[in-house]
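Examining the three-dimensional arrangement
The chain contents come next:
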Amino acid sequence: MSSQTEHSGGTVYETDYDAVIVGAGFSGLYQLHRLRDEFGLSVKVIEKADDVGGTWYWNRYPGAQCDSESHVYCYSFNEEILEEWQWSERYPSQPEVLEYLRFVADRLDLRKDIEFGTEVTSASFDESDGQWRIGTDDGEELTSQFFVTAVGCLSEPWVPDFDHIDSFEGEAYHTGRWPHDGVDFAGKRIAVIGTGASGIQVIPEVAEEDIDHLTVFQRTPNYAVPARDRPLEDDDWDEIQKNYDEILQTAHENGFGMPFDPAYPTAEDKSMEEVREILEPRWQEGGFRFMLTFEDLVFNPETNEKVSQFVREKIRETVDDPELAEKLVPKDHYYATKRPPLHTNYYETFNEDHVSLVDVTETPIERMTPEGIQTSDDHHEFDMIIYATGFDAMTGTLLNMDIRGRDDLTLEEKWADGPQTYLGLAVHGFPNMFTITGPQSPSVLSNMPVSIEHHVEWVSDAINHFAENDIRLVEPTREAEEAWTAHNTEVAEQTLYPTADSWYMNENIEDKPTVFTPYIGGVDVYHQTIQEVAQKGYEGFELT
Ligand code: FAD
Ligand code: N01
């Protein structure tokens, strides 16, 4: 396949494809559909997995499930898909989301333009002919006019560099690269390292298996709120279908891409007793509806402290042993300044005799040994270690691809002090490249399918506009990029987020620069901003 375009000067450009997209998760699938089926472009998707799904292909650990509610954790762009697909639970589990994405890929006939089992290992912009040259691990090189990354914000698993990590002779798994054939837990002594959203989901599930013992290694206790999952019955579904347009519209106009708005502006003017009365029914209802109670939660320390206090009280009520409960109670950061997880029986699990906790702030992990884990005060023997230690988030996957722009500048060099982008969508010095859910866009601070749709639609319309208007090269100006980067920092600093050591701040990986990586101005504000940029003739971009 090849694509030919004639520029106004008479030059004919020939590339293998109009656009090459990396990744076949939620983002890449929709991006392919939009460019190919709406605008008739020639498009190739390169995906290193051997199927579609992205996150939901890789994260198959027991308990892997969505925290977003199913009826909004989906595409909204296609009425038929919305009508044909019925979710079975309030929060879909990993197999169901994977099944959904397979269904969409088949329904829209996407697979024929996806090359599976192939990793993009390099991508460089060739200034001589204005093409992207994309290299893969099978030695192939493709050329395209546009290069679109849809590689995910949480797709590069991260394992800390523990001393002698490879000496462990038992089984070791990362939650984000879980074996597809499952894992046999029977009779085993198991360690889980990490109590983020993945750890909080996997721990209760592993504890329920027929195991010998589970030891949880916790560095930072988390504020987990009950999910309160339940099946979605036909009646529930009828109700959703009746109001679907309105629900989806609310989600697309909400600051976090969720279908509900905060009910109270602040808790500042309320006593703790009043706050308890407001929060209790939301705690019983479960899910992110709890987090979105007070509008100023992540802005106002007073509101946040009251909500944090409420969660702490719940943890103490649930965990029988007061000393253990105190170790599980977060005190070092504000609620929601690290990604707030939902849970099903997480705290209850610690009441089981065969589950114990090691607080690594008291007794740090010193090294791995052939038999297990050596902490500062004990040697723990295990048959299996589960790393629930997260991801090289936001930039890790992008930087691993050896992306090079003008003057052979690598993205890694460009972002040495942290990401610099225009709108989280494009980078000065890297013409014709677009980053779906790139750093400095709302991405992980939202119900992501909403943000993904906003990005994919914007990028598709932009590429179509450039094609129709004989524009060959598109690149944000340095000034626009500097202004957006400064704006990102400015809005983040108005919130409590920078006060926590989170992966939002790159703090989970020692040698990454400490900067707030997603955009916290709100999905609604952000969406309006990118639409205005387009309406003003792609203001901030240089078009040639
Ligand atoms: P991904 O799904 O990460 O897909 C990226 C794809 O790119 C992957 O298939 C990967 O293999 C491929 N890729 C990467 N690099 C290369 C390369 N060099 N060459 C070829 N292919 C490459 N978000 C929510 O909004 N709500 C939730 O409840 C929620 N739950 C989550 C639970 C887990 C366990 C995790 C890890 C994330 C969760 N997320 C959630 C975030 C989730 O990542 C997004 O919702 C969404 O799935 C992202 O889709 P994506 O297509 O942008 O990226
Ligand atoms: O990863 P994490 P995750 N020694 O980085 C600990 C999405 N997601 O995979 O907090 C000991 O949050 C680390 O401790 P600390 C969601 O966006 C969504 O759980 O850094 N411990 C932390 O406890 C989420 O935020 C869902 O002190 C070490 C844990 O490992 C994102 O993915 C489900 C350590 C890592 O937590 C990532 O979540 C799952 C060390 N050296 C994931 N290094 C749902 O929506 C790290 N840790 C359901």
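Preceding this section is the structure that the text describes.
Residues numbered from 1 in each chain as written. Chains lettered and ligands numbered in written order. Predicted model: local features only at pLDDT ≥ 70, side-chain atom pairs only at ≥ 80, totals over all residues. Heavy atoms only, no water.

1. Topic: the nonpolar core
If you look at the biggest cluster of nonpolar residues, it comprises 139 residues, and the most contacted ones within it are Tyr100, Leu214, Phe434, Trp458 and Phe541. A total of 9 residues in this core trace back to one element, the largest contributor, which is helix 14 (residues 448-468). Among all residues touching Phe434, those that are not within four sequence positions of it are Phe146, Phe147, Val148, Thr149, Leu425, Ala426, Trp458, Val459, Ile463, Phe466, Val474 and Phe541. (Core = buried A, V, L, I, M, F, W, Y, C linked by side-chain atoms within 4.5 Å. Buried < 20%, exposed > 50% of the residue type's maximum accessible area, 1.4 Å probe, protein only. Helix = DSSP H or I, 4+ residues; strand = E, 2+ residues; numbered from the N terminus. Contact = heavy atoms within 4.5 Å.)

2. Digging into the site of ligand 1
Taken together, 32 residues surround ligand 1, and among them Ser27, Glu47, Asp67, Tyr73 and Met448 come closest. Glu47 is positioned with one of its side-chain polar atoms (N or O) 2.6 Å from an oxygen atom of ligand 1. Here an oxygen atom of ligand 1 and a backbone polar atom of Met448 are 2.6 Å apart. Surface burial for ligand 1 is 96%, taken as the share of its 980 Å² of free accessible area covered by protein chains. Looking at the shell around ligand 1, the element that brings in the most residues is helix 2 (residues 55-58), giving 3 residues. (Near = heavy atom within 4 Å. Polar contact = N/O pair within 3.5 Å; in protein donor to acceptor, adjacent residues only side chain to side chain. Areas by Shrake-Rupley, 256 points an atom, 1.4 Å probe, with all protein chains shown as cover.)

3. Focus on the sheet that holds strand 14 (residues 355-359)
Spatially, the 5 strands line up as an open sheet ordered 9-18-10-11-14, and their pairing is parallel. Because the sheet does not close on itself, it has two edges, and the strands there are strand 9 (171-174) and strand 14. When the angles between neighbouring strand axes are averaged without regard to direction, this sheet yields 20 degrees. Examined bridge by bridge, strand 10 (residues 189-193) and strand 11 (residues 213-218) share 5 bridges and lie parallel to one another. (Pairing = 2+ DSSP bridges. Axes fitted to C-alpha atoms, helices over the stretch in contact; angles between N-to-C directions.)

4. Topic: the packing of helix 14 against helix 16 (residues 523-535)
The interhelical angle for the contact between helix 14 and helix 16, taken along N-to-C directions, is 5 degrees, at an axis separation of 11 Å. Taken together, the axes of helix 14 and helix 16 lie roughly parallel to each other. Packed against helix 14, whose contacting residues are Val450, Ser451, His454, His455 and Trp458, the element helix 16 presents Val523, Tyr526, His527, Ile530, Gln531, Val533 and Ala534 at the interface. Of the residues contributing to the contact of helix 14 with helix 16, the split by class is 7 nonpolar, 5 polar and no charged. (Parallel < 35°, antiparallel > 145°, perpendicular 65-115°, else oblique. Nonpolar A, V, L, I, M, F, W, Y, C, P; charged D, E, K, R; others polar.)

5. A short note on the site of ligand 2
Taken together, 23 residues surround ligand 2, and among them Gln65, Ser198, Arg219, Thr220 and Arg339 come closest. The backbone of Thr195 places a nitrogen or oxygen atom 2.9 Å from an oxygen atom of ligand 2. A total of 910 Å² of accessible area belongs to ligand 2 in isolation, and the protein chains cover 87% of it. With 3 residues, the single largest contributor to the shell around ligand 2 is helix 5 (residues 197-208). Among the residues making up the shell around ligand 2, the classes are represented as 10 nonpolar, 9 polar and 4 charged.

6. Some remarks on the environment of Ala336
Residue position: Ala336 is located in the loop between helix 10 (322-328) and strand 13 (342-343). Considered as a pair, Ala336 and Tyr497 are 161 residues apart in the sequence and their alpha carbons are 8.0 Å apart.

Everything listed is a geometric property; what it means functionally is a separate question.
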